[in-house]
Amino acid sequence: MTARPERIVVVGASLAGLAAAHRLRERGFAGSLTLVGDEPHLPYDRPPLSKQVLRGLCTADTTLPRHPDLRAEFRLGRPATRLDPAARTVELGDGSRLPYDRLLIATGTRARPWPASEEAALAGVFTLRGRDDARRLGARLQAKPRRVVLVGGGFIGFEVASTCRDLRLPVTLLVRDAVPLAAALGPRLGGLVGEVAREKGVDLRLKTEIERMEAEGDRLAAVTLKDGERIETDCLVAAIGTLRNVEWLDGSGLEADAKGLRCDAFCRALLRDGSVAAGVFAAGDVARWPNPHDDDALVAVEHWGNARAQAETVADNMLAGDASAMRRHDHLPDFWSQQFGLTIKLVGLTEGADAFAVMHGSLEERRLVVAFGRDGRTIAAASIDSARWLPAYKAAIRERAPFPPIGDALDQTRIRVQDP
Amino acid sequence: MSGSTLFERILDPANRANPYPLYAEMRKTPVARQEDGTYVVSTHAELARLISDPRISSDDLPDPRKFRWTGHPVTDLLVRPVRAEIRKRHRPFIFRDPPDHDRLRAQVMRCFTPERVRGMRDKTQRITDDLIGKMRGKGRIDLVDDFSYPLPVTVICELLGVPPEDEPRFHGWATQLATALEPNQRDDAETQARNEVCFNEIADYIRDLIKDKRKAPQEDILSDLATDRDGMNDYDLIATAVLLLVAGHETTVNLITNGMLTLLRFPGHLERLRAEPETAPRLIEELLRYEPPVHYRTRLALADIPVAGTTIPKDAPVILLLAAGSRDPLRFPDPDRFDPDRPDNRHLGFGGGLHYCVGAPLARIEAEVALVSLVRRLKGPSLVKDPPPYRPGASLRGPRHLPLALEGVADE
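Read on for a plain summary of the structure. (Residues numbered from 1 in each chain as written. Chains lettered and ligands numbered in written order. Predicted model: local features only at pLDDT ≥ 70, side-chain atom pairs only at ≥ 80, totals over all residues. Heavy atoms only, no water.)

## Focus on the overall build of chain A
Note the threshold: Here a strand is any run of E in DSSP of at least two residues, a helix any run of H or I of at least four, and the numbering for each starts at the N terminus. With the radius of gyration taken over C-alpha atoms, the globule rule is written as 2.2 Å times the number of residues to the power 0.38. Exposure is judged per residue with a 1.4 Å probe applied to protein chains only, and the accessible area is read against the type maximum: over 50% gives exposed, under 20% gives buried, and values in between give partly exposed. Whether two residues are in contact is decided by their heavy atoms: any pair within 4.5 Å suffices.
The helix and strand inventory of chain A stands at eight helices and 29 strands. Taking 22 Å as the expected radius of gyration for a compact globule of 420 residues, we find that chain A reaches 22 Å, a close match to that expectation. Judged by the C-alpha coordinates and their principal axes, chain A covers about 65 × 60 × 40 Å. The proportion of buried residues among the 420 residues of chain A is 54%. Put simply, 62% of the contacts in chain A that link residues at least 6 apart link residues at least 24 apart.

## Considerations on helix 5 (residues 100-111) of chain B
Residues and elements named next belong to chain B. Where we set the bar: For a helix, the expected span equals 1.5 Å multiplied by the number of residues minus one. The arc in question is traced by the directions running from the helix axis to the C-beta atoms.
Taking 1.5 Å as the rise per residue, helix 5 with 12 residues should run 16 Å; its terminal C-alpha atoms sit 18 Å apart, in good agreement. All of the buried residues along helix 5 are His101, Leu104, Arg105, Gln107, Val108 and Cys111. Relative to the axis of helix 5, the buried residues are bounded by an arc of 155° and lie together on one face. Turning to helix 5, the residues buried within the fold contact helix 6 (114-133), helix 12 (221-227) and helix 13 (234-250).

## Overview of the side chain of B:Thr262
Residue and element names in this part refer to chain B. With respect to the element layout, Thr262 can be found in helix 14 (residues 252-265). Assessed through its relative accessible area of 2%, Thr262 is described here as buried. When sequence neighbours within four positions are dropped, the list of residues in contact with Thr262 reads Leu287, Tyr290, Glu291 and Phe338.

## Points about the sheet that holds strand 28 (residues 377-384) of chain A
Residue and element names in this part refer to chain A. Using the following cut-off: DSSP calls a pair of strands paired once it identifies at least 2 bridges connecting them. Angles run from 0 to 180 degrees between N-to-C directions of axes, and those axes are lines fitted to C-alpha atoms, restricted for helices to the stretch in contact.
The six strands lie next to each other as 24-25-28-27-26-29, forming an open sheet whose pairing is antiparallel. Looking at the sheet topology across the chains shown, the edges are occupied by strand 24 (334-339) and strand 29 (417-418). Summarising the sheet, strand 25 (residues 342-348) and strand 28 pair through five bridges and their orientation is antiparallel. Looking at strand 28, one finds that Val347 is bridged to Ala381. Sitting on the sheet, helix 5 (residues 155-166) touches strand 24 and strand 25, and the angle it makes with strand 24 is about 25°.

## Brief notes about the side chain of B:Arg116
All names here are of chain B. With respect to the helices, strands and loops of the structure, Arg116 is situated in helix 6. Judged by its relative accessible area of 15%, Arg116 falls in the buried class. Beyond its immediate sequence surroundings of up to four residues, Arg116 is in contact with Cys111, Leu159, Glu219, Asp220, Ile221 and Asp224.

## A short note on the pattern of salt bridges
Residue and element names in this part refer to chain A. For the record, the criterion: The term salt bridge refers to a pairing of a side-chain nitrogen on Lys or Arg with a carboxyl oxygen on Asp or Glu at a separation within 4 Å.
In the structure shown here, the tally under the stated rule is 73 salt bridges over all chains. When the shortest N-O distance is used, the salt bridge between Glu214 and Arg230 registers 2.8 Å. Residue Glu214 is found in strand 13 (residues 210-216), and its partner Arg230 is found in strand 15 (residues 230-232); the two are separated by 16 residues along the sequence. Among the salt bridges present, the one from Asp264 reaches Arg268, with a minimum N-O distance of 2.8 Å. Taking the relative accessible area as the measure of exposure, Arg268 reaches 15% and is therefore buried. Counted as one network, the salt bridges with shared partners bring together Arg140, Arg146, Glu214, Arg230, Glu232 and Asp234.

## Some words on the interface of chain B and chain A
The test is simple: The term buried area means the drop in 1.4 Å probe accessible area that two parts suffer when joined, counted for both and summed.
Counting residues at the interface gives 14 residues for chain B, matched by 15 residues for chain A. Summing both partners gives a buried area of about 1,200 Å² for chain B against chain A, and 62% of it is carried by carbon and sulfur. The interface formed by chain B and chain A includes two salt bridges. For A:Glu399, the salt bridge is made with B:Arg49, and the minimal N-O distance between the two is 2.9 Å.

## Considering the packing of helix 8 (residues 150-160) of chain B against helix 18 (residues 360-377) of chain B
Residues and elements named next belong to chain B. Heads up, the rule is: Here roughly perpendicular refers to angles of 65 to 115 degrees, roughly parallel to angles under 35, roughly antiparallel to angles over 145, and oblique to all remaining angles. In a left-handed crossing the near helix is turned counterclockwise from the far helix by less than a right angle, and in a right-handed crossing that turn is clockwise. Under the scheme applied, nonpolar residues are Ala, Val, Leu, Ile, Met, Phe, Trp, Tyr, Cys and Pro; charged residues are Asp, Glu, Lys and Arg; polar residues are all the others, including Gly.
Packing of helix 8 against helix 18 brings their axes to within 11 Å, and their N-to-C directions diverge by 140°. Relative to helix 18, helix 8 is oriented oblique. The way helix 8 lies across helix 18 gives a crossing that is right-handed. When helix 8 is examined against helix 18, the residues Leu151, Pro152, Val155 and Leu159 are found in contact with a partner set consisting of Leu362, Glu366 and Ala370. When the residues that make up the contact of helix 8 with helix 18 are grouped by side-chain class, the tally is six nonpolar, no polar and one charged.

## With respect to the sheet that holds strand 15 of chain A
Residues and elements named next belong to chain A. Across the sheet, which stays open at both edges, the three strands sit in the order 13-14-15 with antiparallel pairing between neighbours. Of all strands in the sheet, those bounded by a partner on one side alone are strand 13 and strand 15. When the angles between neighbouring strand axes are averaged without regard to direction, this sheet yields 25°. Two elements, strand 14 (residues 219-225) and strand 15, share three bridges in a ladder whose sense is antiparallel. Considered in strand 15, the bridge of Val223 is made with Ile231.

## Some points on the nonpolar core
Applied cut-off: Within this scheme, the nonpolar core is defined by two criteria: the residues are buried Ala, Val, Leu, Ile, Met, Phe, Trp, Tyr or Cys, and they are joined through side-chain atoms within 4.5 Å.
Ranked by internal contacts, the top residues of the largest apolar core, which has 90 residues, are B:Phe147, B:Ile206, B:Met260 and B:Leu378. Counting residues per element, this core draws most heavily on helix 18 of chain B, at 11 residues. Not counting chain neighbours up to four residues away, the residues in contact with B:Phe147 comprise B:Thr128, B:Leu131, B:Ile132, B:Met135, B:Asp142, B:Pro152, B:Ile256, B:Ala370 and B:Leu374. Counting residues in hydrophobic clusters, the runner-up holds 48 residues, among them A:Val53, A:Leu192, A:Ala380 and A:Ile384.

## Some remarks on the environment of A:Cys263
Relative to the helices and strands, A:Cys263 is located in the loop between strand 19 (260-262) and strand 20 (268-270). Residues A:Cys263 and A:Asp411, spaced 148 residues apart in sequence, show a C-alpha to C-alpha distance of 42 Å.

## Here's the deal with the state of the cysteines
Covalent bonding between the sulfur atoms of two cysteines defines a disulfide. Under the convention used in this document: We call a pair of cysteine sulfur atoms a disulfide whenever their separation is within 2.5 Å.
Applying the stated rule across the entire model yields zero disulfides over all chains. With no disulfide of its own, A:Cys164 lies 6.8 Å from the sulfur of A:Cys235, the closest cysteine sulfur. Cysteine B:Cys357 is unpaired, with the sulfur of B:Cys111 as its nearest cysteine sulfur at 16 Å. Taking the relative accessible area as the measure of exposure, B:Cys357 reaches 29% and is therefore partly exposed.

What follows is the structure in structure tokens.
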């Protein structure tokens, strides 16, 4: 393990995989570098897919820039199918085998498919994860469907709803929970965004689920809700979460399941017996790692910023030699979303928050910074159209500042601690 | 060496030519308390953090209502208190906080449109060509007086709409008012008295100019601001105009002069810029890191702020030593090397946060046009004196003169 690596294989040719490759070259790695991707595309960027690409403002070609001197071999359109950590080889779909000294697993996630497979197969039923999805859905939206039905109360559902309204399409957004976006933003902020969505013309239905879909031939024609209401639609987007791409690791002995691939603090993949899988690392959406900002609670963060930062941690650690020279992954999760004319930013994780305070601005103005606390400590902060002070809150979260974290500040009225 | 003595040494004009070893010393204590209770912040991470901290106020000027008595009752009891009150309430927006700051800055940004700024490129080139043309036949020039000063001054006057014939009056005013950025000067009673007189003079001048603009609006920023129905009141308008004029006189001058000085010290980079003028943008970013025109800005702590193991107490003056942060080895590998090819060059040359330099796009254009033209047209330029004599300011730092020997001037 301490020998300098000569062959590095990256499984997953997306943001994390490419970021790791760049960092490895920057750090002077001169050996062979292979990136394996199941899609036929070179690494591309996903955030624009639900916004500019669907809107038709740019093509679905969001290929990420690559350094001209990257010297990486891309094996695209062939998924990895098997890992043998003892032999240190990865097997691809075409039967070829790649030996490695270091392996990065960055296989990410895929869209959770609509559970009823016959309904999922209907023309007019979409999911959105990759650029081919965005191209297909974008083409459908440009063809002016009668009504778009979106299922799911998360950011993808809301961003697509916002894009549909920009295109002046009638939209019904079905959310199973009582408040949208609550998992990430808490009920108060989630409620605010839901309110804005309604004002922008979204038919937002809470505590609602689909009972069944109706087809005309092989095309979607309508959906019936659990309460019996029938909505005619020829375009439905299921934005109901993601599944981690870990199935190919079955039989490898790695500790991987629906929650992700288990790693240690240095992002080294662990075997089921808790020991380190020699030379194997993980980064991005698929990696489940101990978060130092949350007492090492295991977390898999599906955000753009973490994918990049974690890939860089991994690249450094791959070249570090042994654990004593490695650094732990201490990225503070952060995230942004643009929808309905709002820019929403979040730092930290709000899970388990028991306190909430508006720090600057107000819910009424819809321009604000809020902080989230748990057990008297600051764990997260979010802003809507007002990100200027977030760096200070980021520092407060890193330092586990008492809640509420920042007082006597500019642009601040009396702080009132409330339930989230 | 105690922290206090160290910052005093930074302020000492004797160290103006090369403050960087002192900055390196300073960075050993990222947040250093001085004997007078001021806190100096000198490392990149801490600067980047404090520059976006809502507990840091920019409203830190000394109170103009505290002045020395002249003995004339009308002056002391009526005129000066009223004027002082106005000055206090209507400070330029670099010395103000949200929400007022945001409103005033937004109004200026509406006038400083990208089209208008880009439109100044041709004009900047014409002024540059003209100034370089005047160097013909001279074996020796002073780059500051002959070029670096008149160029940005002509540009800012043109943009704002100050008639060129009035420009010479601003030279003294701008230099005097820039002392507001130097903490060791601005608290001095003598300086304050001079600033008061100076501000009243420039305010009277601008008040008249605003009247003219309202009568006959022209294609300039002052006309736009003066005729904006939802715009600022006259006091804020005057303060804003003064701010833009002073900023236009006191900063880009140093960027251009420092730029030429650096290129002459590293002739390889001068040759490269001559051969590949398209590399100018990166070179200018590196200049803003390596020899920036603004070295520090002052602030005030509104609450106790824990940072880097120290707590800056409420009401403490804070000095953000931006130029030291731009040379922080933890952020920039080999920071004392001038390297325009440096990746990820997020220098603090234009500050950051909500007070990030409004004139940054204009300064970049001016520096680019100026440096590319100078290296292309000056034949065999060399430094007569290195280091050159410096202006007294430690915040707005730059050579007072930059005497150059020339072998000639090439055609345009």
